[in-house]
Amino acid sequence: MKTNLTHKLTLLACALLGTGSAWAQSQVNLYGRVNLSVERQKVGDVTRNVEQNNSSRWGLKGSEDLGGGLRAGFVLESGFSADTGAASANFFGRVSELDLSGGFGTLRLGNFFSEAYYATADYVSNHNHDTGTSSDALYAYLGRGANKVAYRAPEFAKGLSLEGSISLREAAADHNYDVAVNWDLGDLALGAGYEKAGTQNQFAVRAYYLLGPWRFGGYAQHDNNAFGTGSRTNVRLSGVYLFGLSELHLNAGAAGKTGDVANSSAKQYTVAYNYNLSKRTKVYTFYTKVNDGTAALYGGDFSSLAVGIRHNF
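Enquirer: I'm lost on the nonpolar core in this one. Help?
Expert: Nonpolar side chains in soluble globular proteins tend to end up buried together. Core analysis: the biggest nonpolar cluster contains eight residues, these being L138, A140, L142, A226, F227, A255, A266 and Y298. The residues touching Y298, leaving out its near neighbours within four places in the chain, are A137, L138, F227, R232, A255, T258, S264, A266 and D292. One finds Y117, V124, A189 and Y219 within the second-largest nonpolar core, a separate group that totals seven residues.

Enquirer: I would appreciate a short explanation of the environment of A82 in the present structure.
Expert: For A82, the position within the fold is in the loop between strand 4 (70-79) and strand 5 (95-102). Placed 48 residues apart in sequence, A82 and V34 show a C-alpha to C-alpha distance of 6.6 Å. The contact partners of A82, leaving out residues within four places of it in the chain, are V34, L36, N53 and S56.

Enquirer: What's the story with the side chain of N274 in this structure? I'm lost.
Expert: Examined against the element boundaries, N274 turns out to sit in strand 15 (residues 266-276). Polar side-chain contacts of N274 include one of 3.3 Å to the side chain of H127. Setting aside chain neighbours within four positions, we find N274 in contact with H127, L245, S246, E247, H249, K282, V283 and Y284.

Enquirer: Hey, could you run me through unusual backbone geometry in this one?
Expert: What you tend to see is this: most non-glycine residues have negative phi, and most peptide bonds are trans. We note that N126 has phi near 60°; this positive angle belongs to a residue other than glycine. Considering the arrangement of structural elements, one finds N126 in the loop between helix 2 (115-119) and strand 7 (148-152). A positive phi is found at N225, a non-glycine position, where the angle reads about 65°. If you trace the backbone, N225 turns up in the loop between strand 12 (214-224) and strand 13 (231-243). The class for N225 is partly exposed, based on a relative accessible area of 25%.

Enquirer: Please clarify how the pattern of salt bridges should be interpreted in this entry.
Expert: Pairs can form between side chains of opposite charge whenever their charged atoms are close. Taken as a whole and assessed by the stated rule, the structure comprises nine salt bridges. Two residues, R108 and E97, come together in a salt bridge whose shortest N-O distance is 2.9 Å. Residue R108 is found in strand 6 (residues 105-111), and its partner E97 is found in strand 5; the two are separated by 11 residues along the sequence. Accessibility assignment for this pair places R108 and E97 in one class, buried. Close ionic contact of E247 with K282 constitutes a salt bridge, the shortest N to O distance being 3.3 Å. Here the residue E247 occupies a position in strand 14 (residues 246-255), and K282 occupies one in strand 16 (residues 281-292), the gap between them amounting to 35 residues. For the pair E247 and K282, a shared accessibility class is recorded, and that class is buried. Here the salt bridges share partners, and the residues they tie into one network are E97, R108, E115, R152 and E163.

Here is what the cut-offs are and how they apply
Residues numbered from 1 in each chain as written. Predicted model: local features only at pLDDT ≥ 70, side-chain atom pairs only at ≥ 80, totals over all residues. Heavy atoms only, no water. Core = buried A, V, L, I, M, F, W, Y, C linked by side-chain atoms within 4.5 Å. Buried < 20%, exposed > 50% of the residue type's maximum accessible area, 1.4 Å probe, protein only. Contact = heavy atoms within 4.5 Å. Helix = DSSP H or I, 4+ residues; strand = E, 2+ residues; numbered from the N terminus. Polar contact = N/O pair within 3.5 Å; in protein donor to acceptor, adjacent residues only side chain to side chain. Salt bridge = Lys/Arg side-chain N within 4 Å of Asp/Glu carboxyl O.

Right, dumping it as structure tokens:
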């Protein structure tokens, strides 16, 4: 009886050893960001003091080497309000992605953000990763993340990448289409993005340049029917100066008149100072202001003076 048990345990150990290499090829990582600020905000003529959550989130990402250059991966990301502890109603509403990659490129399925946005507005946002009250209020974001099928091609040339996606109609009125191009040329990085959702569409181009401690970026966007009826052009410029553990940020954007909508142009600017306590933690202060037209296409006049802290894990 003892010999039989020893034999079974030996077989089990051999089986575990035989699968150990496959298990070792799988990995899951926990990551996230907690970002909070205390702000004195002015909305129209009303002033208020606020503890502001700035897109705090946590997530899980993992991958498995399937052999032969093939890899499977996933990302599950959930937003939460760090000021109250409340979880988002749509638990993994930020990202819920499954992907398969290899020499053919990458196939992505699920719910995830617009690559056209990442290639343009987000790329030049700098200060607070385009989150919170200092985020870009004038960019026309048309991307629908749900029910998405995307394909990222292998690099055509060094630093040149292309990705396209379609969000299937299902319960929505229309398909959404999203295309992004990125070209990294070293100190100079270029990008472009296009989105279409029914009668709405937008196209934007972006440039970003490194010059010693300086960072310069900007994008120009043209859209149709994104804010009211008619076409519009939006431009944003950003600059960063790095010295020691400090960062000085300045960015400004201007949106032209939308179609025939009177008093529909708007401007926004932000000035900020960041201090890096470590590679993962920084404190910051900023002042941001949106001068909206009387048509109030961007939510009306707004300003905020803020002090905050952000920690990535």
